[in-house]
Amino acid sequence: NLIRGSALCINESAGYNAQGDIFHFACSLRFFTIFAKSLTVFILVIFFAIEIFLNSKEHKHLYKRNDTLNNIFIGLGLFFISFISRGFVLSSYYFIYSVRIFTINNGWVTWAFAFLLCDFSYYWYHRISHSVNWLWSAHSVHHSSEHFNVSVSFRQSWLNQLSGYFLFYLWLPLLGFDPITIYT
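On a predicted model such as this, the values are computed, not experimentally measured, just so you know. (Residues numbered from 1 in each chain as written. Predicted model: local features only at pLDDT ≥ 70, side-chain atom pairs only at ≥ 80, totals over all residues. Heavy atoms only, no water.)

Novice: Can you help me understand the overall build of the protein chain in this one?
Specialist: From N to C terminus, the protein chain includes 8 helices and 0 strands. Reading the secondary structure of the protein chain in the N-to-C direction produces α-α-α-α-α-α-α-α. Long-range contacts, defined as pairs at least 24 residues apart, comprise 72% of the intrachain contacts of the protein chain with a sequence gap of at least 6. Roughly 12300 Å² of accessible area belongs to the protein chain as shown, and the carbon and sulfur atoms make up 70% of that amount. (Helix = DSSP H or I, 4+ residues; strand = E, 2+ residues; numbered from the N terminus. Contact = heavy atoms within 4.5 Å. Areas by Shrake-Rupley, 256 points an atom, 1.4 Å probe, with all protein chains shown as cover.)

Novice: Explanation requested: a nonpolar patch on the surface in the structure shown.
Specialist: Judged by side-chain polarity, L39, F42, I43, I46, F47, I50, F53 and L54 come together as a nonpolar surface patch covering roughly 720 Å² of accessible area. Tracing the sequence through the fold places I46 in helix α2 (residues 21–58). For I46, a relative accessible area of 35% corresponds to the partly exposed category. (Patch = residues over 30% accessible without salt bridge, like charges linked within 9 Å, V, L, I, M, F, W, Y side chains within 5 Å. Salt bridge = Lys/Arg side-chain N within 4 Å of Asp/Glu carboxyl O. Buried < 20%, exposed > 50% of the residue type's maximum accessible area, 1.4 Å probe, protein only.)

Novice: Help me out: how do you make sense of the pattern of salt bridges in this one?
Specialist: Between side chains of opposite charge, a pair can form as their charged atoms come close. Applying the stated criterion to the full structure yields 1 salt bridge. In this structure, the salt-bridge partner of R155 is D67, at a minimum N-O distance of 3.0 Å. A residue pair is termed long-range when its members are at least 10 positions apart, and R155 in the loop between α5 (133–139) and α6 (160–163) and D67 in helix α3 (residues 65–97) qualify at 88 residues. Note on accessibility: R155 and D67 belong to one class, buried.

Novice: Would you mind going over helix α4 (residues 108–129) with me for this structure?
Specialist: Along an α-helix, residues three or four positions apart point the same way, because every turn accommodates 3.6 residues. When the terminal C-alpha atoms of α4 are compared, their 31 Å separation across 22 residues agrees well with the 32 Å that a helix rising 1.5 Å per residue should span. Along α4, the residues classified as buried are T110, A114, L117, C118, S121, Y125 and S129. End-on, the buried residues of α4 take up no more than an arc of 115 degrees, which puts them together on one face. Exposed residues on α4 whose side chains face more than 90 degrees from its buried face are W108, V109 and L116. Of the surrounding secondary structure, the elements contacted by the buried residues of α4 are α5, α6, α7 (171–175) and α8 (179–183). (Expected span 1.5 Å × (residues − 1). Arc of directions from axis to C-beta.)

Novice: What is the right way to look at the packing of aromatic side chains in this model?
Specialist: To describe a pair of aromatic rings, one takes the distance between the centres and the angle between the planes. Scanning the model with the defined rule gives 12 aromatic pairs in all. Plain terms: the ring middles of Y93 and Y183 are 6.2 Å apart, the flat faces sit at 70 degrees to each other, and that makes the pair edge-to-face. Of the two residues, Y93 sits in helix α3 while Y183 sits in helix α8, which places them 90 residues apart along the sequence. Note on Y123 and W124: the rings are 5.2 Å apart at their centroids and 80 degrees apart in plane angle, and the pair reads as edge-to-face. One aromatic cluster is present, formed by Y122, Y125, Y165, F168 and Y169 through successive ring pairs. (Phe/Tyr/Trp six-rings, centres within 6.5 Å; stacked < 30°, edge-to-face > 60°.)

Novice: Would you mind going over α3 with me for this structure?
Specialist: Helix length check: α3, at 33 residues, gives a terminal C-alpha distance of 45 Å against a target of 48 Å (1.5 Å per residue), a fit within 8%. Maximal helix bending in α3 amounts to about 40 degrees, located at S82. Every buried residue belonging to α3 is among D67, T68, N71, G75, G77, S82, S85, V89, S92, Y93, I96 and Y97, and all of these are buried. (Bend = angle between axes of the 7 residues up to and from the residue.)

Novice: Looking at this structure, I do not really get the nonpolar core. What am I missing?
Specialist: Buried together is how nonpolar side chains tend to be arranged in soluble globular proteins. Core analysis: the largest hydrophobic core is formed by 16 residues, its most contacted members being Y93, Y169, L172, F177 and I182. Put simply, the parts of the chain that give this core at least two residues each are α3 and α4. In terms of residue count, the dominant contributor to this core is α4 (4 residues). Residues in contact with Y93, not counting those within four places in the same chain, are F166, Y169, L170, P173, P179, I182 and Y183. (Core = buried A, V, L, I, M, F, W, Y, C linked by side-chain atoms within 4.5 Å.)

Next up, the structure:
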């Protein structure tokens with residue numbers, strides 16, 4: 001769907017449709033999201049490779065085979081499960097957006113401000129997940145590795161979305177930020 005939507009943006013980018021600038025902003029946001037996620041994965045793989053190289057060169061023993069494989073498989077499981085949970089989360093954002101207080105227009109300033117507010121929301125989710133047992137039960141998976149290395153970043157709970165992670169962001173669509181802007 002994302003690729004089909006991106007192709008639609010390419011096909012119709014030569015002219016304006018009924019939505020004008022909003023359509024083009026949504027297309028550029030979609031391309032930026034694809035680029036940002038691809039760049040993040042690329043950088044993570046580079047750091048992973050550098051750390052493995054330095055680990056073998058300096059004999060630091062940061063990686064244990066079973067632990068690293070567990071981290072990778074947990075990350076892959078999260079990748080596939082997230083396709084199911086993302087639909088639920090995005091639907092809840094759109095439901096709250098339908099009763100929003102304000103309507104905040106899309107633009108690069110709005111996106112930058114939303115980025116900071118999303119980071120603020122994540123900070124509070126992460127801080128509270130260390131002290132509230134319900135949230136900790138999902139978050140503790142991330143802290144369960146015996147070794148601290150880049151592969152631990154793949155070790156995220158499959159149940160984060162169901163534990164209430166997304167609730168920390170619901171105030172943003174209620175305020176008037178477009179759910180797609182928050183979700184990306």
